[in-house]
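Each chain, written out:
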Amino acid sequence: MIIIVEIENTAIESENGMILQFAAMQYKYKSRVQPHLKLNFNDCNTHLYGDAAAILMNMELIRSIKDGNWDCSISELSSKFVSWLKAGGWNGVEKLTIAGKNVAKFDVPWLQYHSDIFQEVSIHNRRLDVGNLYYKPATDLGVPDTTECLRRAGINKHSKHDALEDCYIVAELLDAA
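Since this is a predicted model, take the numbers as computed values, not measurements. (Residues numbered from 1 in each chain as written. Predicted model: local features only at pLDDT ≥ 70, side-chain atom pairs only at ≥ 80, totals over all residues. Heavy atoms only, no water.)

Some remarks on the pairing of strand E1 (residues 2-9)
The condition is simple: The cut-offs for exposure are 20% and 50% of the maximum accessible area for each residue type, with area from a 1.4 Å probe on protein chains only; residues under the lower value are buried, those over the upper are exposed, and the others partly exposed. Comment: elements are numbered from the N terminus, with helices defined as DSSP H or I runs of at least four residues and strands as E runs of at least two. By definition, two strands form a pair when at least two bridges between them are found by DSSP.
Of all eight residues that make up E1, seven are buried, and the element is covered over most of its length. As paired strands, E1 and strand E4 (residues 97-100) are joined by three bridges and run parallel to one another. Its bridge partner being in E4, Ile-4 is matched across the sheet by Ala-99. Sheet topology places E1 next to strand E2 (residues 19-26); seven bridges connect them, and they run antiparallel. By the bridge assignment, Val-5 is partnered in E2 with Ala-24.

Okay, here's the thing in structure tokens:
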């Protein structure tokens, strides 16, 4: 089972910020109806910390959470994620393949630092980062960012700093690769 995972947060380094939003999507090739989970966390209502640039980038989401548009605390993420997976057919034992944009170096470490999500869910050591699918070793100095991946795939979209929207972008990039 491939699960696309995306987060919105308030910093570059996990120890300097907090997760504001989590989304997951069960990836099904070329399907536009994807089972998904999206959670806004209320932890920023009591304390907000992070890097100024990341906080400003997510200010609309932060305001929405402060206005009451939240689902739970980050401490509830693991149980909600497991329930969602089981409702989608996960047997509780199968190792999951986690996909996303920069998921191996960013999302997974952030989730490991701020939650116990991967203590209850076993994941493969290899993650599926969409940037690697669009890497051109002859010309690229590094793995292309999401904007460049979208351009190379011929997809006319951009990230809106919404974790679920980013999951859909990742699904489209996987389909086009």
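Picking up after the structure, the text goes on.
Thoughts on the pairing of E4
Note: E4 against strand E5 (residues 128-129), two bridges, orientation parallel. Within E5, the residue paired with Ala-99 across the bridge is Leu-128.

Thoughts on the packing of aromatic side chains
Rules: Classification of ring pairs rests on two measures: the distance between centres of Phe, Tyr or Trp rings, Trp counted by its six-membered ring, which must be within 6.5 Å, and the angle between planes, read as stacked under 30 degrees, edge-to-face over 60 and tilted in between.
Under the criterion given, the structure shown has three aromatic pairs. Pairwise contacts between aromatic rings join Phe-22, Phe-81 and Trp-84 into one cluster.

What about unusual backbone geometry?
Even without a glycine there, the phi angle at Lys-30 is positive, about 60°. Mapped onto the elements of the fold, Lys-30 is located in the loop between E2 and strand E3 (36-40). Accessibility expressed as a relative area gives 51% for Lys-30, which makes it exposed. The backbone of His-161 sits at a positive phi, close to 60°, despite the residue not being glycine. In this structure, His-161 sits in the loop between helix H7 (146-153) and helix H8 (163-176).

Observations concerning the nonpolar core
To be explicit about the condition: By convention a nonpolar core is built from buried Ala, Val, Leu, Ile, Met, Phe, Trp, Tyr and Cys residues, the set being connected through side-chain atoms within 4.5 Å. The contact rule is simple, with two residues in contact once any of their heavy atoms fall within 4.5 Å.
If you look at the biggest cluster of nonpolar residues, it comprises 28 residues, and the most contacted ones within it are Ile-3, Phe-22, Leu-77, Phe-81, Ile-98 and Leu-111. Elements supplying a minimum of two residues to this core: E1, E2, E3, helix H3 (77-87), helix H4 (103-114) and helix H5 (117-120). Here this core takes five residues from H3, the largest share from any one element. Dropping the residues within four chain positions of it, Ile-3 is found in contact with Ala-24, Met-25, Gln-26, Phe-81, Trp-84, Leu-85, Leu-96, Thr-97, Ile-98 and Ala-99. Formed by 18 residues, the second largest nonpolar core is a distinct cluster that contains Met-25, Ile-155, Ala-163 and Val-170.

Comments concerning the state of the cysteines
The cut-off we apply is this: Cysteine sulfur pairs qualify as disulfides if the two atoms are within 2.5 Å.
Under the criterion given, the structure shown has zero disulfides. Among the cysteines around Cys-44, which has no disulfide bond, Cys-72 carries the closest sulfur, lying 12 Å off. For Cys-149, which is in no disulfide, the shortest distance to another cysteine sulfur is to Cys-167 and amounts to 16 Å.

Notes on the side chain of Asn-9
One can find Asn-9 in strand E1. Given the relative accessible area of 8%, Asn-9 is considered buried. Look past the residues within four positions of Asn-9 in its chain and what remains in contact with it is Met-18, Ile-19, Leu-20, Ala-54, Asn-58, Phe-106 and Trp-110.

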